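One letter stands for each residue in the lines below.
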Amino acid sequence: MKKLLLLSLLITLSTLLFAQDNLSALMPMPNKITEGKGKVLTLNNQSVINADNGLTFVANTLQKIVKERMNLQLAVNNSNAKGAIRLKLDSSIKGKETYIINATSTGVTISGSTVEGVLHGVMTFDQLLLGDSYLSRHHEISPVYIEDSPRFERRALMLDPARHFLPLKDVKLYIDQMMKYKFNVLQLHLTDDQGWRVEIKGREKLTETGPFYTQDELKDLVKYAEERGIEIVPELDIPGHTVAFLHAYPELGCTSNDTIPKVLGKTFDMMVCAAVPEVYTVYKDILTQVCAIFPSSYIHLGGDEAAIANNWAKCERCQALMKEKGYTNASQLMIPFFEKMLQYVRDAGKTPILWCEPNNIYPPADDYLFPYPKDVQLVSWRAGLTPTCIKLTQKSGNKLLLAPGEYAYLDYPQLKGDLPEFNNWGMPITTLRDSYKFDPGYGMTFSDQSQIVGIMGTLWGEAMLDINRVFYMTFPRAFALTEAGWTQMSNRSWSSFKSRVYPNLTNLMQHGISVRAPFEIANEE
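Residues numbered from 1 in each chain as written. Predicted model: local features only at pLDDT ≥ 70, side-chain atom pairs only at ≥ 80, totals over all residues. Heavy atoms only, no water.

1. Considering the overall build of the protein
Then, number 1: A count of helices and strands for the protein gives 16 helices and 18 strands.
Then, number 2: For 525 residues, the compact-globule estimate of 2.2 N^0.38 gives 24 Å, and the C-alpha radius of gyration of the protein, at 24 Å, lies within 12% of that figure.
Then, number 3: Within the protein, the proportion of its 525 residues that are buried is 59%.
Then, number 4: The long-range fraction of contacts in the protein, counting pairs at least 24 apart against all pairs at least 6 apart in sequence, stands at 75%.
Then, number 5: Put simply, the protein has 53 plus and 57 minus side-chain charges, and the middle of one group is 4 Å from the middle of the other. (Helix = DSSP H or I, 4+ residues; strand = E, 2+ residues; numbered from the N terminus. Rg over C-alpha atoms; globule rule 2.2 N^0.38 Å. Buried < 20%, exposed > 50% of the residue type's maximum accessible area, 1.4 Å probe, protein only. Contact = heavy atoms within 4.5 Å. Lys, Arg positive; Asp, Glu negative; His and termini not counted. Charge placed at Lys NZ, Arg CZ, Asp CG, Glu CD.)

This is the structure:
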């Protein structure tokens, strides 16, 4: 406890040392900043926030920010009048997430072509006030002009309530922090060997053995996230990671595992049978219901770590199906399996996502495990194999989201001897500096990386019992990932990033968010 208090004090002192101007807490670093000249803008309690129609939530958020940073209670008007602070929708601005902040001695205008763009601008404005804390406490705002837009369109984090359930209020708290740092996608890993966490009407036995989200709760969560500029993508992992499903439907597994008990959290490496028609009937119903809950145009169907050799390769029914189709390798059954599953998703108007599985789980690899249809968005994840997935998608035309284990697996320890202290299977270490080294373009030309849609940090839940642990593993490494996804490489700097970490960690702690103090970077030159 004394060590934690000391680390917190060090972060606070570091904040006082570094956060002395309006650019010192920007996270991620904007791509175009022009520091202003001239007098500061002075606000008082008679100052007003004027917001265009459709910006009520954004304006109310800004009102709370000004109260917290400047101790001023500004009124909010739905008006296109100038005001001390103006929130403006401007269709002439290119890019749905682009925003412009123009702060002068006469007022501040935050504009974007969409609500999301204006919200991003307000989050950056909050960081301007946080960094310039001395002036903020004196009700003053330095002049500055920022015109900013993201490098990549999708900047995601993934939570895993399937392994350890996270109450709805905790997921909402997580979304609040994502909003601050311009993440715009939350992937929810809802099913796995340890639990099934989404209500499926008419199939109640799926959720008999543990906590789950009702469909109404998930719809409420979707609205909450949407208001904060965040899209929720559900993930239901198939054909592996399905012990929770097989616990409810043991007859839908492979013949080779008929006599093995399906115990949640203790039984692993089982798959649904590719040759049983009822598997497809049940999953069509499941996927139809889940697609109706989430308005996202995407749904993730897993496709990773399928223990084919222990399931389909030994299953009498699957072997008969292989013979019928003339297959020589059991992995080829992924083709007809996903032909059906992906069509259910397409029929619901969704684009399917799968984890990118090369034909070897370690480098080198030279092809996919099975041929992915071109409309499937892939996610790279295996350590060292993201360059392979990039090359393969360049040839196949699939879009690619990057979550490389060596940079973006945030369940990994942050330093030798650090957490997690249980369910650690020998995880490699991913330090803050490791995460910051991540260049999603891998040094390629723009045209060679055109299929890359963004980045994702994953927080697999085996060793995360609650939201406090999730936050501890997320921050500060999520700062590195948001900068990788948002900021152009020419505007990134490790030395600048290090100094901007401190005020943001302090701010999170002041709001009750668990973080890890990266004391190891304090001694770096």
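2. Details of the pairing of strand 14 (residues 298-302)
Then, number 1: Most of strand 14 sits inside the fold, with 5 of its 5 residues counted as buried.
Then, number 2: Relative to strand 14, strand 13 (residues 231-238) is paired through 2 bridges, and the arrangement is parallel. Across the sheet, residue Ile238 finds its bridge partner in strand 14, namely Gly302.
Then, number 3: For strand 14 and strand 15 (residues 351-355), the ladder comprises 3 bridges, and the chain directions are parallel. (Pairing = 2+ DSSP bridges.)

3. Details of helix 8 (residues 277-293)
Then, number 1: Spanning 17 residues, helix 8 covers 25 Å between terminal C-alpha atoms, matching the ideal 24 Å at 1.5 Å per step.
Then, number 2: Regarding helix 8, the residues found buried are Val279, Tyr280, Val282, Tyr283, Ile286, Leu287, Gln289, Val290, Cys291 and Ile293.
Then, number 3: Lining the buried residues of helix 8 we find strand 12 (195-196), helix 6 (215-227), strand 13, helix 7 (243-248), strand 14 and helix 10 (334-347). (Expected span 1.5 Å × (residues − 1).)

4. As for the sheet that holds strand 3 (residues 48-51)
Then, number 1: Across the sheet, 7 strands lie side by side as 1-9-6-7-5-3-4; this open sheet has mixed pairing. Single-partner strands in this sheet number two, and they are strand 1 (33-35) and strand 4 (75-78). For this sheet the average axis-to-axis angle between neighbouring strands, irrespective of direction, equals 10 degrees.
Then, number 2: Examined bridge by bridge, strand 3 and strand 5 (residues 85-89) share 3 bridges and lie parallel to one another. Its bridge partner lying in strand 5, Asn50 is registered against Arg86. (Axes fitted to C-alpha atoms, helices over the stretch in contact; angles between N-to-C directions.)

5. Quick notes on the packing of helix 5 (residues 168-180) against helix 14 (residues 467-474)
Describing two packed helices takes the angle between their axes plus the distance from one axis to the other.
Then, number 1: The interhelical angle for the contact between helix 5 and helix 14, taken along N-to-C directions, is 20 degrees, at an axis separation of 10 Å. Judged on the interaxial angle alone, helix 14 and helix 5 are roughly parallel. Considering only the axes of helix 5 and helix 14, their crossing is right-handed. Each of Asp170, Leu173, Tyr174 and Gln177 in helix 5 lies in contact with helix 14, whose residues at this interface are Ile467, Val470, Phe471 and Thr474. (Parallel < 35°, antiparallel > 145°, perpendicular 65-115°, else oblique. Left-handed = near helix turned anticlockwise from the far one by under 90°.)

6. Considerations on the environment of Leu168
Then, number 1: Assignment of secondary structure puts Leu168 in helix 5.
Then, number 2: Looking at Leu168, the relative accessible area reads 17%, which means it is buried.
Then, number 3: Taking the C-alpha atoms as reference, Leu168 lies 35 Å from Lys94; in sequence the two are 74 residues apart.
Then, number 4: Sequence-distant contacts of Leu168, defined by excluding residues within four places in its chain, comprise Tyr213, Glu217, Asp220 and Leu221.

7. Comments concerning the side chain of Asn31
Then, number 1: Locating Asn31 in the fold gives a position in the loop between helix 1 (2-18) and strand 1.
Then, number 2: Polar contacts involving the side chain of Asn31 include one to the main-chain carbonyl oxygen of Ser149, which spans 2.8 Å.
Then, number 3: Here Asn31 is in contact with Glu147, Asp148, Ser149, Trp486, Thr487, Gln488 and Asn491, once residues within four sequence places are set aside. (Polar contact = N/O pair within 3.5 Å; in protein donor to acceptor, adjacent residues only side chain to side chain.)

8. Points about helix 5
Then, number 1: With 13 residues, helix 5 ought to run about 18 Å at 1.5 Å a step, and its terminal C-alpha atoms sit 19 Å apart, in line with that.
Then, number 2: Summarising burial for helix 5: 11 of the 13 residues are buried, a large majority.
Then, number 3: Those residues of helix 5 that fall on the buried side of the exposure criterion are Leu168, Asp170, Val171, Lys172, Tyr174, Ile175, Asp176, Gln177, Met178, Met179 and Lys180.

9. Section: the packing of aromatic side chains
The geometry of an aromatic ring pair comes down to the distance between the two centres and the angle between the two planes.
Then, number 1: Enumeration over the complete set of coordinates arrives at 27 aromatic pairs.
Then, number 2: Between Phe370 and Tyr372, the aromatic rings sit 4.6 Å apart at their centres with planes inclined by 55 degrees, giving tilted as the arrangement.
Then, number 3: Each member of the aromatic cluster is reached from another via a ring pair, and the members are Tyr280, Trp312, Phe337, Phe338, Tyr368, Phe370 and Tyr372.
Then, number 4: Cation over ring: Arg228 sits above Tyr224, and NZ or CZ is 3.5 Å from the ring centre. (Phe/Tyr/Trp six-rings, centres within 6.5 Å; stacked < 30°, edge-to-face > 60°. Lys NZ or Arg CZ within 6 Å of the ring centre and 35° of its normal.)

Function cannot be inferred from these measures alone, as they are strictly geometric.
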